[in-house]
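# Understanding the architecture of this molecule
So you can see what is in the structure, the chains are spelled out below.
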Amino acid sequence: MSNDTSTKRESLFSKKNRRLLSDPLNDSNPITVQVLGICSALAITVQLQQAVIMSLSVVFVMIAGNVIVSVLRRVIPDRIRIIVQLVVIAFLVALVDEVLKAFQPDISEKLSVFVGLIITNCIIMGRLEAFALANKPGPSALDAIGNALGYAWILLAVAVVREVCGSGAISLPGMGQVKFLPEAWFISAGGLYENNNLMILPPMALITVGVIIWWQRSKNRALIEEN
Amino acid sequence: MPFNKNSNGFTFFFSILMVVVVGAVLAVTSVSLRPLQKANSAEKKMINILAAIKVPAERGGTEEVFAEFVTARIAINSDGLEVGRMTGPVDPSNLEDPFNIDIKKDFRSKKPAEELSFPLFECVTASGDQMYVVPVVGRGLWGPIWGFLALEVDGKTIYGAVFNHKTETPGLGAEIREDFFQEKFLGKSLRAEGSPYFEVRKGGAVTDDHSVDGITGGTITSRGVGEMIDRTMGHYMRYFDLMKK
C-alpha cells in the first residue's frame, strides 16, 4: 500500500525524471544521435542570431506541444493522433509567428520563412508521438525541455562555427552582427585572411554537424555501434 | 456505456471540436494583433523611405520624422500623370492615401499597368535639397525583393538606394540589403534615352554610369534588382518628363 503511493507520488525531479532532461543533451541527442531535425539545422545556422530566436521558438513550441498532447492523451482517438499532433504543432507555430510579427517585427523579418519551418521539425512530432502520448504532463514537459535544449545547443554550436568562419562575425538578437576581425587582416586590405564562403553554403552545416558527431562519439564511447 | 475514445462518433466529434477551437483561437489572435502588425509594417516603410534619403530613423517616433522630411505623397498613373496627392499625417486606413498603395500586391496581381497607380514620395533632405523616392518591387531567386530609390530633382541621378528581400540565399543574393551593394548605386544615373534605364551586370563586369556590378553568386537576385528598377522607372520617367515640359 505504502509502496503504491510512493510510485504514484514520484517526485518531478526524481532520478528518472532528471534523466529525461539530461539524456537528450548527450546520450540521445535529437540531432547528433537520433539524426532528426537536420533540415532546420541546415537552414538557419548561417547567423547566430537566427539560431538563437529559432531555438527559443522551438523550446516554446516543444514544451507547449508536449504538455497539450500529454493532457489530451486519454481522449485523442488513436486513428487520428498524427493529425492531432500536426494541428497542435501548426497551431503553436502560427501563434509564435503572429506574436513575433506584432511585437518583434525586425526579428520576424529576419527569420521570415524559418518560423514556419518549425512545423516540419521532426524532433517535435517525434517527441509528441514517442513520449507525450504515453506520459503525464510533468515528465512530458521535462522531456520537451531536454530535447529542445539538446537541439538548441547543436544549433548554436553550428551557427557559431559557420558565422565565425564564413562571415568573420558573431551576431546576437538586439545587437546585430559584430565583425571582430580587424579589416587589415583581409586580403582585400593587404592581409592574409579571407572569409570562407563555403561555410555559408548549406553543405557545410551537414559537415559541421558531422564533425560534432565525430567529436561526441570520441568522448562518449557508449554511442559507438557494435559492428 | 463506457467511454470509447476510438469510436467513429467520438473521432468525428474530436476532430470537429479541435478544428473549431484552434480556428477560433488563431482568428482571435490574428484579428487582435492585426493593428499592431499593420502599424509595424507602415513604420518599416517609413524607415525605408527615410533611409533612401539618408535620414536615420528607428522604430518608435518615426511618424514625426517622416512628416518632417516627406512633404507630399503622390500617386501617378502609367502615363505619368498625377492622379492623387496627399500631405499631412499618414492615415494607415485611408485607401486614398498614396502611402497605402500596396505595390507588392499590385505586382503579384499581374494587372496591366494601365489599371494601377504608382506611389511617389516628395521629400526634402536634411540639407534642404528636394528629392523623389520611388518604391520598386520585383522578383529574386526564391521570392519577392523590393526597395526604395531616392532620385534627385532632375529625376535621373540616384541619391540613395535601399533594398530588401524575403527569402534570398544568405551570404549570396541576401547581400542586396547590405551597405556595400547599396552604396554602388549612389551617384549613378538612369539612362534618359530609354529602356534599359538601369542595369545590374553580372559579377565583375565593366560598369558605366547607368549600371552597377552585381553580386557574385547572386546572379539571379542581382538581375532581379536591375529588372525591377528598369521596369518601374519606365512609368516614373514619363512623370518626370511631363513635369519638365
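Placed above this text is the structure.
In what follows, the accompanying structure is described. These numbers come from a predicted model, not from an experiment.

Procedures and definitions
- Residues numbered from 1 in each chain as written.
- Chains lettered and ligands numbered in written order.
- Predicted model: local features only at pLDDT ≥ 70, side-chain atom pairs only at ≥ 80, totals over all residues.
- Heavy atoms only, no water.
- Pairing = 2+ DSSP bridges.
- Helix = DSSP H or I, 4+ residues; strand = E, 2+ residues; numbered from the N terminus.
- Axes fitted to C-alpha atoms, helices over the stretch in contact; angles between N-to-C directions.
- Parallel < 35°, antiparallel > 145°, perpendicular 65-115°, else oblique.
- Left-handed = near helix turned anticlockwise from the far one by under 90°.
- Contact = heavy atoms within 4.5 Å.
- Nonpolar A, V, L, I, M, F, W, Y, C, P; charged D, E, K, R; others polar.
- Buried area = accessible area lost by both parts, 1.4 Å probe.
- Salt bridge = Lys/Arg side-chain N within 4 Å of Asp/Glu carboxyl O.
- Polar contact = N/O pair within 3.5 Å; in protein donor to acceptor, adjacent residues only side chain to side chain.
- Buried < 20%, exposed > 50% of the residue type's maximum accessible area, 1.4 Å probe, protein only.

Before going further, it helps to spend a moment on the sheet that holds strand E3 (residues 117-124) of chain B. All names here are of chain B. If you walk across this open sheet you meet the six strands as E2-E1-E3-E4-E5-E6, and the pairing is antiparallel. Here the strands that pair on one side only, and so sit at the sheet edges, are strand E2 (82-86) and strand E6 (158-165). Sheet twist, expressed as the average angle between the axes of neighbouring strands with direction ignored, equals 25 degrees. With seven bridges joining them, strand E5 (residues 144-152) and E6 adopt antiparallel strand pairing.

Each pair of packed helices can be described by the angle between their axes along with the distance between the axes. All names here are of chain A. At a minimum axis distance of 10 Å, the contact between helix H4 (residues 48-71) and helix H5 (residues 81-103) shows a crossing angle of 140 degrees. The orientation of H4 with respect to H5, classified from their angle, is oblique. Here H4 runs over H5; the crossing is right-handed. Between H4 and H5, the residues in contact are Ser57, Phe60, Val61, Ala64, Gly65, Ile68 and Val69 and Val88, Ile89, Leu92, Val93 and Val96, respectively. Class assignment for the residues of the contact of H4 with H5 results in 10 nonpolar, two polar and no charged.

In this complex, chain A contributes 27 residues to the contact, which on the side of chain B involves 28 residues. In total, chain A and chain B occlude about 2400 Å² of area from one another, counting both sides; carbon and sulfur atoms represent 66% of this. A salt bridge links Asp78 of chain A to Lys5 of chain B; its shortest N-O distance comes to 3.6 Å. On the surface where chain A and chain B come into contact, there are eight residue pairs in polar contact (both at pLDDT 80 or more). Secondary-structure elements contributing two or more residues to the side of chain A that touches chain B are H5 and helix H6 (105-111) of chain A. Class assignment of the residues belonging to the side of chain A that touches chain B gives a composition of 18 nonpolar, one polar and eight charged.

This part takes up the pattern of salt bridges. Residue and element names in this part refer to chain B. Within this structure, the stated rule accounts for 12 salt bridges over all chains. Glu199 is paired through a salt bridge with Arg191; the nearest N and O atoms lie 3.9 Å apart. Overall, Glu199 belongs to the partly exposed group, its relative accessible area being 25%. Taking relative accessible area as the criterion, Arg191 reaches 16% and is therefore assigned buried. Salt bridges linked by common partners bring Arg191, Glu199, Arg201 and Asp208 together as one network.

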